[in-house]
Amino acid sequence: MLELRNIEKVAGAETHIHPTSLVLERGSLNVLLGPTLSGKTSLMRLMAGLDKPTSGSVWFDGKDVTGVRVQDRGVAMVYQQFINYPALTVYENIASPMRIKGADSATIDREVRKAADLLKLTPYLDRTPLNLSGGQQQRTALARAIVKNASLVLLDEPLANLDYKLREELRLELPKIFAASGAIFVYATTEPSEALLLGGNTAALSQGRITQFGRTIDVYRRPIDLLTARTFADPPLNAVEVVRKGGHFEIGGKPVLPVPAHLAGVPDGPCTIAFHPHHLSLTSQTPASASLQARTAISEIAGSESFIHIEFEGSRWVMLSPGIHDIEPEAVITVHVDTRHLMAFGTDGKAIAEPATAAA
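No experiment lies behind these values; they were computed from the predicted model shown.

**Brief notes about the packing of helix α2 (residues 90-101) against helix α3 (residues 105-118)**
As a packed pair, α2 and α3 sit with axes 9 Å apart at the nearest point and diverge in direction by 130°. For the element pair α2 / α3, the angle class is oblique. Like other packed secondary-structure pairs, α2 and α3 cross with a definite hand, here right-handed. Residue-level contacts link Tyr91, Ile94, Ala95, Met98 and Arg99 of α2 to Thr107, Ile108, Asp109, Glu111, Val112 and Arg113 of α3. Its residues placed into classes, the contact of α2 with α3 shows 6 nonpolar, 1 polar and 4 charged.

**Quick word on the pairing of strand β3 (residues 29-33)**
Counting buried residues in β3 gives 5 out of 5 residues, a clear majority hidden from the surface. Side-chain alternation along β3 places Leu29, Val31 and Leu33 on one buried face and Asn30 and Leu32 on a second face that is also buried. Pairing geometry for β3 and strand β8 (residues 184-189), over 5 bridges, is parallel. Counterpart to Asn30 in the pairing with β8 is Val186. In this sheet, strand β9 (residues 201-206) lies alongside β3 in parallel orientation, the contact comprising 4 bridges. Bridged to Leu33 within β9 is Ala204.

**Concerning the domain arrangement of the protein chain**
Domain boundaries in the protein chain define domain 1 (2-225) and domain 2 (235-345). Taking the mean C-alpha position of each, domain 1 and domain 2 sit 38 Å from one another.

**Topic: the packing of aromatic side chains**
On inspection of all chains with the given rule, the structure shows 3 aromatic pairs. Ring plane angle 85° and centroid distance 5.2 Å describe the contact between Phe275 and Trp317, whose orientation is recorded as edge-to-face. Within this pair, whereas Phe275 is found in strand β14 (residues 269-275), its partner Trp317 is found in strand β18 (residues 315-322), the two being separated by 42 residues in sequence. On the accessibility criterion, Trp317 (1% relative accessible area) is buried. Through a chain of ring-to-ring contacts, the aromatic side chains of Phe275, Phe312 and Trp317 assemble into a single cluster. Taking NZ or CZ as reference, Arg5 lies 3.9 Å from the ring centre of Trp59, over its face.

**Details of the packing of α2 against helix α4 (residues 134-147)**
Between α2 and α4, the least distance of the axes is 8 Å, while the angle of their chain directions is 25°. In terms of orientation, α2 lies roughly parallel with respect to α4. The handedness of the crossing between α2 and α4 comes out as right-handed. Judged by residue contacts, Val90, Asn93, Ile94, Ser96, Pro97 and Met98 of α2 engage Thr140, Ala143, Arg144 and Val147 from α4. Taken together, the residues that form the contact of α2 with α4 break down as 6 nonpolar, 3 polar and 1 charged.

**Comments concerning the sheet that holds β9**
In any sheet, the strands associate via hydrogen bonds between backbone groups, in a parallel or an antiparallel arrangement. Sheet architecture is open: 6 strands sit in the order β6-β7-β8-β3-β9-β10, paired in mixed fashion. Only two strands of the sheet have a single neighbouring strand rather than two, namely β6 (75-78) and β10 (209-215). If you compare each strand with its neighbour and ignore which way they point, the axes differ by 15° on average. The sheet contact formed by β6 and strand β7 (residues 152-156) spans 4 bridges and is parallel. If you follow Val75 over to β7, its bridge partner there is Leu152. Of the strands in this sheet, β3, β6, β7, β8, β9 and β10 are in contact with helix α1 (residues 40-48), which crosses β7 at around 160°.

**Quick word on α3**
Because an α-helix packs 3.6 residues into every turn, residues spaced three or four apart end up facing the same way. In this model α3 runs 20 Å from its N-terminal to its C-terminal C-alpha over 14 residues, within 8% of the 20 Å that 1.5 Å per residue would give. Taken together, the buried positions of α3 are Ile108, Val112, Ala115 and Ala116. Down the axis, α3 shows its buried residues gathered within 100° of arc, on one side only. Residues of α3 that are exposed and point more than 90 degrees away from the buried face comprise Ala106, Lys114 and Asp117. At its buried positions, α3 is contacted by α2 and α4. Two or three places before Ala106, at the start of α3, stands the capping residue Asp104, its side-chain oxygen 3.1 Å from that residue's backbone nitrogen. With its phi angle positive at about 55°, Lys120 sits one or two positions after the end of α3.

The rules behind each value
Residues numbered from 1 in each chain as written. Predicted model: local features only at pLDDT ≥ 70, side-chain atom pairs only at ≥ 80, totals over all residues. Heavy atoms only, no water. Axes fitted to C-alpha atoms, helices over the stretch in contact; angles between N-to-C directions. Helix = DSSP H or I, 4+ residues; strand = E, 2+ residues; numbered from the N terminus. Parallel < 35°, antiparallel > 145°, perpendicular 65-115°, else oblique. Left-handed = near helix turned anticlockwise from the far one by under 90°. Contact = heavy atoms within 4.5 Å. Nonpolar A, V, L, I, M, F, W, Y, C, P; charged D, E, K, R; others polar. Buried < 20%, exposed > 50% of the residue type's maximum accessible area, 1.4 Å probe, protein only. Pairing = 2+ DSSP bridges. Domains from an automatic or database assignment. Phe/Tyr/Trp six-rings, centres within 6.5 Å; stacked < 30°, edge-to-face > 60°. Lys NZ or Arg CZ within 6 Å of the ring centre and 35° of its normal. Expected span 1.5 Å × (residues − 1). Arc of directions from axis to C-beta. Polar contact = N/O pair within 3.5 Å; in protein donor to acceptor, adjacent residues only side chain to side chain.

Listed below in structure tokens is the structure:
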């Protein structure tokens, strides 16, 4: 078990990590989700022992390892910018951690070939990294981390430089690797979709603070505040300030959306309601859908999906709609909000109630 006890990292006048406590269990996959400069890499470096916290302590399996050198910990780390030994073959790059530990040749060969097969590197074992593509070099670095048999494996956006097809394949395979290893895996990403695909647990980060930690699907469906909801939304979350008055949410004294049953506890008065872009559609999806008249700003066609930017009562929203929709700017269209997925936040930004489908 890895435990961070009220750790903080300060450099000069800047606080990189605010006081943070976190417990990660053995055999778990844990995602650090947040935008660039939110503190993901800083937190990983503290976990690994590459940096020492300004205050607080790091514990592993009941032992205080705060001052222990990274070389003396069972840690493996893979960065977005892959690191390999240029003079060694792929085989020897993967084998290097086991050779350092003094493993026998049979064990080395078995584990290297197993990792190479998993990461589709078998045809390249005799090549050196300079004769590989960027994706193949990154897979070599991943394979080396896997065979190291570390107690803590830190992956800092490891798939960012890979092509789309390989990223999708590895996203499916990595959780299986993690589950079988018994190690603690920590995976940093800026992409909410990647966190959802990986599953496990997620810590949402913003400006050096963990705003929420828990099962990935729970953090996504039940954000405890508006900041976490925004962190876990791509395209950006649709949010609008409203006033609850009786059975409706109003903007400028005009009723715009009915209050769904799961938000019945929201008190009358100002609040913010929010929903994801895919819960806004061009057609009514359910009896719970509410219709609105909006004006288009721009349509972006992305393969089999369209991002339609609309303006409604002074707010700018994004709709993610399946199919190709080339809608002219300034067109007035009818859109439908699935009110089952509405989230409500108080003036302090804290969640008031969870979506009706949160437990589904």
